[in-house]
Structure formats: C-alpha cells, structure tokens
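Notes for the structure review
One-letter residues, chain by chain:
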Number of protein chains: 2
Amino acid sequence: MRLQELGEWELLQRLSTFAPAGQWDDDAALLTEQSGRTLVVNTDVLVEGVHFSDTTLCPQDLGWRAAAANLSDLAAMGSTSVVGLTVGLVAPGETSWSWVEGVYQGLSEALGHFGGCLLGGDCSSGAQRLLAITALGHVGDGPIRRGDGRPGDWLVCTGPHGLSRLGLALLQGELDPQQREPLPAELQAEAVRAHQRPRPRLDVVQQLSALRPAPCPWRVAGTDSSDGLQLAAANIARASGCRVELERQALPMAPQFNRLASAEHWCLSGGEDFELILALEPSWGEALCAAMPGCTRIGCLLEGEAGKVSWAGSDQMLEASGAGYCHFQ
Amino acid sequence: MRLQELGEWELLQRLSTFAPAGQWDDDAALLTEQSGRTLVVNTDVLVEGVHFSDTTLCPQDLGWRAAAANLSDLAAMGSTSVVGLTVGLVAPGETSWSWVEGVYQGLSEALGHFGGCLLGGDCSSGAQRLLAITALGHVGDGPIRRGDGRPGDWLVCTGPHGLSRLGLALLQGELDPQQREPLPAELQAEAVRAHQRPRPRLDVVQQLSALRPAPCPWRVAGTDSSDGLQLAAANIARASGCRVELERQALPMAPQFNRLASAEHWCLSGGEDFELILALEPSWGEALCAAMPGCTRIGCLLEGEAGKVSWAGSDQMLEASGAGYCHFQ
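Residues numbered from 1 in each chain as written. Chains lettered and ligands numbered in written order. Predicted model: local features only at pLDDT ≥ 70, side-chain atom pairs only at ≥ 80, totals over all residues.

As for the overall build of chain A
The cut-off we apply is this: For the purposes of this entry, the term helix denotes a DSSP run of H or I that reaches at least four residues, the term strand denotes a run of E that reaches at least two, and both are numbered from the N terminus. C-alpha atoms define the radius of gyration in this analysis, and the globule rule sets the expected value at 2.2 Å times the number of residues to the power 0.38. Each residue gets a C-beta atom placed from its backbone, and two residues are in contact if those atoms lie within 7 Å.
Scanning chain A from N- to C-terminus turns up 11 helices and 12 strands. Expected size for 329 residues packed as a compact globule is a radius of gyration near 20 Å; at 19 Å, chain A falls within 12% of this value. In terms of principal-axis extent, the alpha carbons of chain A reach across some 60 × 55 × 45 Å. Within chain A, contacts between residues at least 6 apart in sequence are counted, and of these 86% link residues at least 24 apart.

Quick look at the sheet that holds strand β11 (residues 296-302) of chain A
Residue and element names in this part refer to chain A. Keep this limit in mind: Here, strands pair whenever DSSP counts at least two bridges between them. Angular values range over 0 to 180 degrees, each being the angle between N-to-C directions of two axes fitted as lines to C-alpha atoms, with helices fitted over their stretch in contact.
The seven strands are arranged β6-β8-β10-β7-β11-β9-β12 in an open sheet whose pairing can be described as mixed. The sheet is open, and its two edges are formed by β6 (144-145) and β12 (309-311), each paired on a single side. With four bridges joining them, strand β8 (residues 220-224) and strand β10 (residues 276-280) adopt antiparallel strand pairing. In the strand pairing of β10, T223 is matched with I277. On the sheet, helix α11 (residues 282-291) packs against β7 (154-157), β10 and β11 and is oriented at approximately 20° with respect to β7.

Structural notes on the packing of helix α5 (residues 163-171) of chain A against helix α7 (residues 185-196) of chain A
All names here are of chain A. Operational definition: Small angles under 35 degrees read as roughly parallel and large ones over 145 as roughly antiparallel, with 65 to 115 read as roughly perpendicular and the rest as oblique. For this classification, Asp, Glu, Lys and Arg are treated as charged, while Ala, Val, Leu, Ile, Met, Phe, Trp, Tyr, Cys and Pro are nonpolar and the rest, including Gly, are polar.
In the contact formed by α5 and α7, the axes pass within 7 Å of each other and the chain directions differ by 100°. Taken together, the axes of α5 and α7 are roughly perpendicular relative to one another. In this structure, α5 contributes L163, S164, L166, G167, L168, L170 and L171 to the contact, and α7 contributes Q188, E190, A191, V192, A194, H195 and Q196. Taken together, the residues that form the contact of α5 with α7 break down as eight nonpolar, five polar and one charged.

Some words on the interface of chain B and chain A
With 56 residues of chain B at the interface, the matching set in chain A holds 56 residues. Taken together, the elements giving at least two residues each to the side of chain B that touches chain A come down to α1 (3-6), α2 (8-16), β1 (29-32), β2 (38-47), β3 (79-91), α4 (97-114), β4 (117-125) and β5 (130-139) of chain B. The dominant element in the side of chain B that touches chain A, judged by the number of residues it contributes, is β4(B), at nine residues. Split by residue class, the side of chain B that touches chain A holds 29 nonpolar, 21 polar and six charged.

Section: the pairing of strand β4 (residues 117-125) of chain A
Residues and elements named next belong to chain A. Applicable threshold: Here a residue counts as buried when 20 or more other C-beta atoms sit within 10 Å of its C-beta, as exposed when there are 12 or fewer, and as partly exposed otherwise, the C-beta atoms being derived from the backbone.
Burial analysis of β4 places eight of its nine residues in the buried class, which makes it a mostly covered element. Here eight bridges tie strand β3 (residues 79-91) to β4, and the two strands are oriented parallel to one another. By the bridge assignment for β4, G84 is matched with C117.

Comments concerning the pairing of strand β5 (residues 130-139) of chain A
Residue and element names in this part refer to chain A. Taking burial as the measure, the 10 residues of β5 include nine buried ones, the bulk of the element. Two strands pair when backbone bridges link them, and strand β2 (residues 38-47) and β5 are joined in this way by nine bridges, in the antiparallel orientation. Bridge pairing in β5 places N42 opposite A135. With 10 bridges connecting them, β3 and β5 associate as antiparallel partners. Residue pairing in the sheet places V82 in a bridge with G137 of β5.

Re the relation of the copies chain B and chain A
Filter applied, for reference: We place the copies in one frame by least squares, fitting the C-alpha atoms of every residue whose pLDDT is at least 70 in both.
When chain B is fitted to chain A, the residual RMSD is 0.0 Å, and the transformation amounts to a turn of 180° plus an axial shift of 0.0 Å. This pairing of chains is accounted for by a two-fold axis. Residue S35(B), judged by its C-alpha, is the member of chain B lying nearest the rotation axis, at 2.5 Å.

Digging into α11(A)
Because each turn of an α-helix spans 3.6 residues, side chains separated by three or four positions in sequence point in the same direction. Residue and element names in this part refer to chain A. What counts here: To be clear, the arc concerns the directions from the helix axis to the C-beta atoms.
Among all positions in α11, only W284, G285, A287 and L288 are buried. The buried residues of α11 all sit within an arc of 160° when viewed along its axis, so they share a single face. Buried residues along α11 sit against β7, α8 (202-211), β10 and β11.

Here we look at the domain arrangement of chain A
Reports often express the size of an interface as the amount of accessible area lost when the parts come together. Residues and elements named next belong to chain A. Basically, it comes down to this: An automatic or database domain assignment provides the domain bounds reported here.
What the domain assignment lists for chain A is domain 1 (3-139) and domain 2 (144-311). The distance between the C-alpha centroids of domain 1 and domain 2 comes to 22 Å. Each partner contributes to the interface: domain 1 provides 20 residues, whereas domain 2 provides 22 residues. Where the side of domain 1 that touches domain 2 is concerned, the elements lending two or more residues are α3 (59-76) and β3.

Some remarks on the nonpolar core
Quick note on the threshold: Note on terminology: a nonpolar core is a set of buried residues of type Ala, Val, Leu, Ile, Met, Phe, Trp, Tyr or Cys, with members joined through C-beta atoms within 7 Å.
Counting residues in hydrophobic clusters, the biggest one holds 204 residues, and the most contacted among them are L155(A), A233(A), L155(B) and A233(B). Counting residues per element, this core draws most heavily on α3(A), at 10 residues. If we ignore the near neighbours within four places in the chain, the residues touching L155(B) are A233(B), V244(B), I277(B), A279(B), R297(B), I298(B), G299(B), C300(B) and L301(B).

Given below as structure tokens:
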C-alpha cells in the first residue's frame, strides 16, 4: 500500500497508533510540567511546491506564515503564551543565503509580534526547500481540545473565512478580470494580506478566561481552521461525539466577499485562514461574540451522528469537504 | 552568496545571530521551567541521500538511529530523562506504508529503550524522504555546555570511536577483501551495530552526579561526537577559551580496530559515534573512568589558543578535521 493510495486521513489514523496521546488526535500535544503548567508542542512541515511557492510568498512572508501556522496550532490547544520554536531547514546547495536570511527574518518578525524566540534548529541540503518547525507554548487557564464539546454548545468562529484562499487565487492569477472586477480593491488587499501574513489567534485565547461567566467551569472545545472551516467543525463534532449544524446565513465572510461565485465554497473549505473554531456554553459564547470583534456564532453542536455537518433547519448533510489538503496525491 | 559557497560552519554562525541563546551555539537549547527544571529541546533533520540510504539502513534502523541521534544531543546537554519527540515526515506519494511503519517502529523501539514517547508530528509529500525530529528532555543535576571547560580539566570520552564509520564502510562495500581480512568478525558485527543501532549515552549523564567528588561543584563541559571526536574536542576547547591536547596513545578504539589503515583518521573524524566528550575536574574524570566501562581519559584542556587541538608532547596542531559533515556541498 502506497501513501498516495492510503490518503492523509488514513495515514494519520495509522500513525496515531504509535502516539495515542499525541498531536495526531488534536492540533498539538499537551505535556504537564512539574509545576502543573501545561506545555504545548506542535510540529509542522512546509514543503515547496506543496505548501508554498515563490510565486505567492517572498522569503519574509514564508517565514512569517510558517511561524503563524505553528502558533495557530498552539492557540488551538489553549496556549496563551509562546515559548519559541525550532527550525529544521532543508534547501539545495544552490539556494541563496538571502533567501534563508529572509525566511529567518520573517520567522523572527512573527515571534517579535506574537511572543517567543527562535530556539535553534538544524539545516541540511536536500532536493527541495522545506521548513520543519516545532513550536512550544504554554496553556493559559485551561486546554482547548477537539473532544470537549457538548450538545447545546455554540459554535463560534473568530473571524472571516475564505480570504486566504482568495489571496492565493489573486497571487496565482486564478481569477479572470470578470471575476476580479466586482471585488473592491480593499478586499483584494485584505485577502492577499490574509494569505501572506496570517495572524494566529492567541489574542482570543487570552480573552477567553476574562469572558467566562462565573457559573461555567473551564470547558472549551476547538481547533484552528487551517484545513478549512467545515472540516474544523466536523473534527470538533466527531471528537465530541456530536453532530453540528451550521447557520448558512451566518457564514463568516468579509464584506463583499459574497460577490465571488465561489464565496461559500471558499468560506467553508478554502483553508489556511488560521482562525479558531470553538464550541462552548452559549452564555460564554455570547460573551465572546459581544467582546471580540469578528467573533460570531456560526452554529451549534447537537446530539446525533458524530461528525455530521448539516445546515440548520435542514437534515441534509453538507457535501464532505474532504479531509482538508491531501498532501500525498 | 549560495549556501554551498558559504559552508555549513559559516551558515550556522549566520543563523545563530537570529537565536543568540539557542541550539546553534551548543548541542540543543535549554529552557527553564517555572518549577526550576530545565527543558532541553533539539531539532535534527535527516535527509535521504545525505544522512541515510536504503543500502545501509532498513526502515526500523533508520527510525532507531534518528531517535538515538536526537537523544544523544539531549544527553550532550546534561539530560537524564527523555520527555519524547515529534516527527515531521516527508516522503513521495509512491512510498510504501510499510516503510513508514518500519520507521515508526524503530522510533518507538528506541523510545521504549531510552525513555519518552512519541508526541505526534506532521507528514507531507515531497520529492525526497526525510525526517525532521524534535526531541524534548529534562536536565538532571546540571547542564552540560560546551563552554564550561577550564584549563586543567580532563577530557574524557565515553566509548570507542570510528566504529560507526567502519560499519558504514562495510555496509557500503567500501573495503576490499584485503582491508577486511584482518578485522575479526566480531569487530565487523560491532561496527555495523554501532552504525545501525547507536546508543545515546544518557546512562553516563545519569551516573555523573553520583560520581561527583564532594568538593567539586557541578561544572561539566561537553558535547556529543556525532560530528567526530576531534571536532567535538575542538568545539569544547573553542567555546571554553582553551586549547586541547589529545593523547595519541589513548585514542579510544575498539580492540583490533587499529588493524585498519584508516584507524586513526576514522577514530578522530569518522563521526556519528554518538558518544560523549566531556571536560571536567581531574578527580571527577578519574571517578567516571573508574566506574563506567569504556570511559577513558583522552587528553586535557590547557591555557592557550582557543580551539587548538594538538597531540600531547607536541606543539603541532592536528590537521583540521573540517567542520564535520558539510551538508551543502
């Protein structure tokens, strides 16, 4: 059996048998320190031609984006502070130093912004440029796990979706003039920014405690939307043993985004928006949406078939968005 | 300026400007936890064709070796216990699942032996098979840093050197029958084992505290010999502001190893033996050599030109062994 026949979902399932409590079941691994604090550890690999290209990202953007993607996984586990990250860099010998320097500048810039420092790493020659990043952070008042949702929870999303996919399309010249024309210049610029300079939502996690209504114990389910909003919702629902209903009228889109023919599809499955999708008590969700601009209720968890995603008011399942990006096909 | 023109040493120097306190200046990065314990973090990248090949390592051996190499860096920083490791795996889509499974079995086997667990990771398709591993461990009674040596320290080595290089030569068919003939079968088997199943010397670090003479405060300099014995000695000396003298008659070789024409060269610069080279108070060094089989005094640190390596009783510098493996040429 080859990896490309196996598919990424099945591969992750098989790998997780080697690490029952590890990162494969969630966004990152949690480790309890002697002091009681919880360390979050996350490793991501970014391969040229699969995850990035010179067409869409300059070296500084690549460094920023690589750091942001990792920090987003920390945030998705409830991390409020970043310790730092290590970098495994592989590149052919003919790669210029200025490319490497740019990547490290971008990494440093992101860490300067979101906290933490560069802890070191390794470098080697190889056929293809790639970055393997491991990020470390600390959980704040409590962890956020995919499986901690309950029927009745609000599903809250921390920002608009589909922008990163639109940014990629603009950078790759995917849209013809007719498709681009109705999109305000501001939206286009925002989309490119969302693709090149995503922002991990550590700020939302930092606010969660302060916004918790007194009677609620700490219980927040969640994941980041790096593989798309719909898949994030499905993953929370599956791990929590619930089904999820999404409000079609409440899909989180930037203003004018719906002028795109593919607006709904990209909002649901564009991926790489690096927002958080959280499931929590309605009163807590309400407080979050009232306090944090961009946070909105997009649906709720309900008793039913685990992992099923449907529109509110309809029993029809949404067409599967796939298991996110399948990197082996 | 291209990476291949820069060379690995210069590249690491440049990268270390982005992480002044990080792994690039030593074997791994040290992080102080709230409880006062010190966490060690190390990232290593192993690329097919650069660091491994199917000719010399089956998937299980590759997994074991990858884990062992990382744990050796933890030991070299004073780690006595392993928390675990994350794995970034890249492979072409046509790679068989059985190869991946074998690698993970080898990783798990090594962790079962030396402690810690698989914490998760990431996987992606790519042109070339590679593993990016990040290992986490805890420092025992004190850290081991390259720069903590003082003039007068014994230089102690924890085992024979050159075996892994001999193992590689045997596996690659580098030696003609005339060169192989004088080597006992047992030595050949030991060399292949040293190459395929290296053992990180966490056991030595675990014994260091118990063997410390009462008047000595904790002060141990050291590094592992993954890039060769001579370079390890030079790195300790350079970081400690000392010169080092090696005892030519005391080079740590396995029995009969000196029947090889390249015995001394491989002992000094073969690399990947994953033993520790330590600089410490003579009384402590003596206690270590008396208690731990395989530990021997191979020289000492002296006042003089930082990083200079010469034979005891001679003022002549050893020919530079290079900056270890230069992976960009």
